[in-house]
Amino acid sequence: MSPKSQAALSPSLGILHITTLSSTGQDKTAASSDSGSTYEKMNDKIGSKTVLTYLYVCPTNKRKIMVLTDPEFESSVLISSDEGASYQKYRLTFYILSLLFHPTEEDWALAYSHDQKLYSSLDFGRKWQLVHEHVTPTRFYWSVSGLDKESDLVHMEAHMPDGSVQYITCRVQMCTEANRNYPFPGSIDISSLVVQDDYIFIQVPTSGRATYYVSYKRDLFIQIKLPKYSLPKDLHIVSTDEKQVFAAVQEWNQNDTYNLYLSDTRGIYFTLSMENVKTTKGIGGNQMLDLYEVSGIRGMLIANKRQENQVKTFITYNKGRDWRLLQAPTTDLDGNEIHCIMPFCSLHLQLQTSENPYLSGAISTKNSAPGIILATGNIGAELSYNNVAMYISSDAGNNWRQIFEEEHNVWFLDKGGALVAVKQPSVPTRHLWVSFDEGRQWTQHSFSSVPLFVDGVLVEAAADNQIMTFFGHFSHRSEWQLIKIDYKSIFSKKCTEEDYQTWHLHNQGEPCVMGQKQIYMKRRPGNYCMLGKDYSRILSAESCICRAHDFECDYGYERSGNGNCRPSFWFNPSSTTKSCSMGQNYFNSTGYRKVVLNNCTKGVKEMYTAQKQQCPKKPPKGLLLTTKDGKLAANLGTNVTFLVHLDEGDSIRTNIQLDFGDGIALSYSNLSWAEEGIKHVYKSAGIFCVTALAENSLGYDTTTLYLHVTCPVEHVQLLSPFVVIRNKEVNISAVVLPSHPRTVTYFWWLGNTTEPTVTLDGSISYTFPSEGMYSLTVQVAAANIIFQDSKTIAVREFFKSLLLSFSPNLDEFNPDLSEWRQDLGRIIKKAVLQVAKFPEELLLVAVFPGVPTAAELFLLPHKNQSHDKKRSEEELEHVSNIIVSALNQNLVEFELKPGVRVIVYNTQLTLAPLVDSNPRHRSSAMLMLLSVVFLGLAVFLIYKFKRKIPWISIYAEVNQEKEQEMISSVGQGDNTTKITLNEFSSSKELMEKELDARVKRGVANAHESTREIPNCTSV
């Protein structure tokens, strides 16, 4: 697309090119390969119907471009190797959400898809190969040169099939399971992997307190040491580019502020640099830390700190060792004197960087222009976002001048030799301002005949190209405007040695900054010469004599009121000697450490540096036993890694013994053998007491850990009687398979309650105070899995019941499922009601689990019949006799399925047919006899010893007048005796017997079948 118009402006600005692109038509995308002089429609080269979404330029070769199409229409990538002059289209089998180019190899790229898959290409997007599935968004990184052995290595965070998240490395074209590496042995928190410079950071999932690990120069991961009671809620890595780590930590008592911590060179030990650094919410809702690292000056930072409900701006010249307020300008823009006395009044700056890469943001510095700081701010007692102005410092923050009364975007031209300023995008403008003397004087120039909303400026970085491109719009409904400015003609010549001057870096007159006196070369302000290249450099750097401000407090120490470092109350300085052995030496901290990259020499260096001392002889003390993941629970059959930590003692000559609590114990001759952890696999579930013992010739120390080893619940069955007596205690139990000794939690909902009763035992006793139908529910929780079983129980003052058996053909169709038993109970109930008139809602049938199939029939009185109990008992007895008579005459039967009829029997000894001439009855005679013998023996034992089975409640009333009957009424005046758990089979044994009976399915083994023996049976 050729320029629409050209206009000549002030000779100092040369030629202005204006190009208008359609923002509403189909031709939305245009590209220029001549620094904006001409533009061509990309649709003319790739097809008018192609819809584009993203354009990527290779960072190591700007001639290579990759353009993505809109996946709603097609999934393709357009590739150009000639800076957009021509394109080739390649189809994709996935949708690309983001691209990551290799830092050195121009043809290598990683692509992240919409379905969380990571792909790689080694030919600039022409062919793609799957690297890994289920990768966390934005958590994949190329190798770092000089640290990773293979240049095609990729670091990533991926989700495993078991739901855990792990840190994985592999080569992009060979990322099979066999070729993958897991540098950290264990799962990590989601979105916690950070690979940055010399460091790799991860967060480990723990219960409660967050735990962070760091790997320095690809060494083993070591736990990060923050002050003991920082208790971080959140941690962000701010910077790693100066041989140490800046970390922002939000502690347990903070909401909108963070504390700034600095580490040692390895990134392990962190000390506090500044408290309560302010945060600002970004466009995407993310919290942005009000901390700015000044470019061009090592160790210099600016931060906004919340202090006594006010936010103030502070500056440091020694990496956070010391902070001070900013001195406000002495005069305003009109030359009027400003009365601002510190600490009550100072200059405060907005420190937000722009999320738009084409705007300068609230503060701006440049490596090629050391000492120059441009920022939006205000003068007063605290930071304000009203009545702000623009300020500049030419001497690294020591002195400030006001340059504008309103907010402006300011860019560096010619490697910082000149400055150009434009009003904020919210205000349309026709002018720009240019300064050649570090903001002391500004020249106004017109770049458009119509006021333009400037949405951004692109400044060419090439040494031989002085091009600046403005883009914006005349109104919110107008088309886009592109304005190219070639500012080469504003310079009269190229700079020579006479055009430069020296500049001494200082901190309020103190010439030693970061342990050295630094002298810079920079262009003389006001010289209209062109730098053309990055000429900023340090002319000389002379080391200074070490003084106290060159040292910060070491880990575990805090700065007191007099400026000295003292041990924190939680820190024991002698604990650092645990790696010592007799005859060896160690470096004992003085409480100080030199600021990283500080170049001071001599002076107090020897006094503040850690002193070499002989290892003392000490008994073991402070023995600590933990699991590697910090959890006190583990799944059965998995590796559990125990870590043994010793605060004091000779670790080389200290014997370590570890008893896992399951009959297995290990012994190590010294602590070094157990540094990477001691692994163990438990073969059974339970709670194990794990004990560690550290012992040497001077003494010993012990510690204990209780580990819960669990496995998932596979089955739970609620065992309870079907009908119980009001105000009589009843035992209810839950059988769990597989067995979970002491590792299961039971939640019971009894008596129509909404709040559960929680127990660690699989049985519970309960008394129902009133008549009615009650729902019973138990939930069993183990290893993050919950199972549930429910039953309905009837509560009455008294009732009648009959034990039922069935013709053997029913067993052939018994799948032993609870739903089948419920359906069968309804059929039996219907068959009984055909021979006896009785209210349907007062007749209950409960089918027992297992085979041979058996059931119990309950006849319930109407509610609240205690006032006429005798009459109700007579009515129940009358109906019971009718049903028994029908059962003995084989009059109760039902059709299970076409051709299969089942006869219902009464199992009482006096009434059940032992011999029957009818052929269809002969097969069940022996079954009836065995059932009656078994039942009679059980009843005899119960009444002989007056025992109560723990999961079965049996109540009886001895009625001398009706002693010969099998069924009698049960009253609430009965007395029962409890039996201890160890006198009967456990729930596990009962369930095993039931399962064994299902396998045998034999009539002869009917007595082994586990039944829910009714608590209403009496003799």
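Residues numbered from 1 in each chain as written. Predicted model: local features only at pLDDT ≥ 70, side-chain atom pairs only at ≥ 80, totals over all residues. Heavy atoms only, no water.

**A word on the overall build of the protein chain**
Step number 1: Looking only at helices and strands, one finds seven helices and 73 strands in the protein chain.
Step number 2: Taking all 1019 residues of the protein chain together, 50% fall into the buried category.
Step number 3: Of all intrachain contacts in the protein chain linking residues separated by at least 6 positions in sequence, the fraction that spans at least 24 positions is 53%.
Step number 4: For the protein chain, the exposed surface amounts to about 48,700 Å²; the carbon and sulfur share of it is 50%. (Helix = DSSP H or I, 4+ residues; strand = E, 2+ residues; numbered from the N terminus. Buried < 20%, exposed > 50% of the residue type's maximum accessible area, 1.4 Å probe, protein only. Contact = heavy atoms within 4.5 Å. Areas by Shrake-Rupley, 256 points an atom, 1.4 Å probe, with all protein chains shown as cover.)

**Considering helix H4 (residues 869–888)**
Step number 1: An ideal rise of 1.5 Å per residue puts 28 Å on 20 residues; H4 measures up with 28 Å between its terminal C-alpha atoms.
Step number 2: Listed in full, the buried residues belonging to H4 are Ser 872, Glu 873, Leu 876, Glu 877, Val 879, Ser 880, Ile 883, Val 884, Ala 886 and Leu 887.
Step number 3: In this fold, the buried residues of H4 make contact with strand E69 (800–806), helix H3 (818–833), strand E71 (854–859) and strand E73 (900–906). (Expected span 1.5 Å × (residues − 1).)

**Examining the pattern of salt bridges**
When charged atoms on two side chains of opposite charge get close, those side chains can pair.
Step number 1: Within this structure, the stated rule accounts for 27 salt bridges.
Step number 2: The partner of Lys 89 in a salt bridge is Glu 74, and the shortest N-O contact between them spans 3.2 Å. Taken together, the residues span a long stretch of sequence, with Lys 89 in strand E8 (residues 88–91) and Glu 74 in the loop between strand E6 (65–69) and strand E7 (76–80) at a distance of 15 residues.
Step number 3: Between Glu 510 and Arg 547 there is a salt bridge, with its nearest N and O atoms 2.7 Å apart. You can see Glu 510 sitting in the loop between strand E42 (500–504) and strand E43 (512–513) and its partner Arg 547 sitting in the loop between strand E46 (537–543) and strand E47 (551–553), a full 37 residues away along the chain.
Step number 4: Residue Glu 510 is classed as partly exposed on the basis of its relative accessible area, which comes to 24%.
Step number 5: According to the relative accessible area criterion, Arg 547 is partly exposed, its value standing at 33%. (Salt bridge = Lys/Arg side-chain N within 4 Å of Asp/Glu carboxyl O.)

**A few points about the side chain of Thr 710**
Step number 1: Mapped onto the secondary structure, Thr 710 falls in strand E60 (residues 699–710).
Step number 2: In this structure Thr 710 touches Ala 634, Asn 635, Leu 636, Ala 685, Thr 743 and Ala 783, once residues within four positions along its chain are discounted.

**Considering the nonpolar core**
Step number 1: Formed by 42 residues in total, the largest nonpolar core has its most connected members in Leu 804, Phe 806, Ile 828 and Ile 883.
Step number 2: Those elements that place two or more of their residues in this core are strand E62 (723–725), E69, H3, strand E70 (843–847), E71, H4 and E73.
Step number 3: Ranked by the residues each element gives to this core, the list is headed by H4, at six residues.
Step number 4: Setting aside its immediate chain neighbours within four residues, Ile 883 contacts Leu 802, Val 832, Ala 836, Leu 857 and Leu 859. (Core = buried A, V, L, I, M, F, W, Y, C linked by side-chain atoms within 4.5 Å.)

**A word on the sheet that holds E69**
Step number 1: Pairing in this open sheet of five strands is antiparallel, and the strands run E70-E71-E69-E73-E72 from one edge to the other. The sheet is open, and its two borders are formed by E70 and strand E72 (893–897), each paired with just one other strand. Strand-to-strand twist of the sheet, defined as the mean angle between neighbouring strand axes without regard to direction, takes the value 30°.
Step number 2: For E69 and E71, the ladder comprises six bridges, and the chain directions are antiparallel. (Pairing = 2+ DSSP bridges. Axes fitted to C-alpha atoms, helices over the stretch in contact; angles between N-to-C directions.)

**A closer look at the confidence of the model for the protein chain**
Detail in the predicted coordinates should be disregarded across regions flagged by low pLDDT.
Step number 1: Summing up the model confidence of the protein chain, the mean pLDDT is 81 and the portion of residues at 70 or higher is 81%.
Step number 2: Per-element confidence in the protein chain ranges from a low mean pLDDT of 26 for strand E1 (residues 5–8) to a high of 97 for strand E29 (residues 346–349).
Step number 3: Ignoring residues within four places in sequence, the model shows residues 1–27, a span with pLDDT below 50, making 67 contacts including any to other chains.
Step number 4: With pLDDT under 50 throughout, residues 909–1019 is counted as low confidence; its partners more than four residues away or in other chains account for 197 contacts. (pLDDT = per-residue confidence, 0-100.)

**A look at the packing of aromatic side chains**
Step number 1: Scanning the entire structure with this criterion turns up 34 aromatic pairs.
Step number 2: Look at Tyr 682 and Phe 688: their rings are 4.6 Å apart centre to centre, the planes differ by 35°, and that puts the pair in the tilted class. Take Tyr 682 and Phe 688: they sit in the same class, and that class is buried.
Step number 3: Through a chain of ring-to-ring contacts, the aromatic side chains of Tyr 269, Tyr 555, Tyr 557, Trp 570 and Phe 571 assemble into a single cluster.
Step number 4: One residue, Lys 305, lies across the ring of Phe 314, its end atom 6.0 Å from the ring centre.
Step number 5: The lysine or arginine in question, Lys 522, covers the ring of Trp 503, its NZ or CZ lying 5.1 Å from the ring centre. (Phe/Tyr/Trp six-rings, centres within 6.5 Å; stacked < 30°, edge-to-face > 60°. Lys NZ or Arg CZ within 6 Å of the ring centre and 35° of its normal.)

**Some remarks on the pairing of strand E27 (residues 310–316)**
Step number 1: Counting buried positions along E27 yields six of seven residues, so the element is predominantly enclosed.
Step number 2: Bridge count for strand E26 (residues 301–307) against E27 is seven bridges, and the pairing is antiparallel. The residue bridging Gln 307 from the neighbouring strand is Gln 310, located in E27.
Step number 3: Taken together, E26 and the strand that follows it, E27, pair antiparallel across an intervening segment of two residues, in which Glu 308 is found at a positive phi of about 55°.
Step number 4: Taken together, the two bridges between E27 and strand E28 (residues 324–325) define a ladder with antiparallel strand orientation. By the bridge assignment for E28, Ile 315 is matched with Arg 324.

**Observations regarding the state of the cysteines**
Here a disulfide denotes a covalent bond joining the sulfur atom of one cysteine to the sulfur atom of another.
Step number 1: Counted under the stated rule, the structure contains six disulfides.
Step number 2: Cys 495 shares a disulfide with Cys 529; S-S distance 2.0 Å. As the torsion about the S-S bond is roughly 90°, the Cys 495-Cys 529 disulfide counts as right-handed. Residue Cys 495 is located in the loop between strand E41 (493–494) and E42, and its partner Cys 529 is located in strand E45 (residues 529–530); the two are separated by 34 residues in the primary sequence.
Step number 3: With a relative accessible area of 16%, Cys 495 lands in the buried category.
Step number 4: Residue classification places Cys 529 among the buried positions, given a relative accessible area of 0%.
Step number 5: Disulfide pairing places Cys 546 opposite Cys 600 at an S-S distance of 2.1 Å. Measuring handedness by torsion sign, the sulfur bridge of Cys 546 and Cys 600 sits at about 95° and is right-handed. (Disulfide = S-S within 2.5 Å.)

**Details of the sheet that holds strand E65 (residues 757–759)**
Within a sheet, neighbouring strands are paired by backbone hydrogen bonds and run either parallel or antiparallel to one another.
Step number 1: Pairing within the open sheet is mixed, and its five strands lie in the order E62-E68-E67-E64-E65. Edge positions in the open sheet fall to E62 and E65, since each of these has one partner strand only. Within this sheet the neighbouring strands show an average axis-to-axis angle of 30°, counted without direction.
Step number 2: With three bridges joining them, E62 and strand E68 (residues 785–796) adopt parallel strand pairing. Among the inter-strand pairings, Val 723 is bridged to a residue of E68, identified as Ala 794.

**Section: the side chain of His 473**
Step number 1: Topologically, His 473 is positioned in strand E39 (residues 467–473).
Step number 2: Of the polar contacts made by the side chain of His 473, one reaches the side chain of Asp 455; its length is 2.8 Å. (Polar contact = N/O pair within 3.5 Å; in protein donor to acceptor, adjacent residues only side chain to side chain.)

**Quick word on the environment of Cys 340**
Step number 1: Its location among the elements puts Cys 340 in the loop between E28 and E29.
Step number 2: On the basis of relative accessible area, Cys 340 is assigned to the buried category, the value being 10%.
Step number 3: C-alpha of Cys 340 to C-alpha of Thr 330: the two residues are 10 residues apart in sequence and 7.9 Å apart in space.
Step number 4: The residues contacting Cys 340, other than those within four sequence positions of it, are Gln 327, Ala 328, Cys 345, Ser 346 and Ile 379.

**Some details on the environment of Glu 337**
Step number 1: Looking at where Glu 337 falls in the secondary structure, it is placed in the loop between E28 and E29.
Step number 2: Taking relative accessible area as the criterion, Glu 337 reaches 60% and is therefore assigned exposed.

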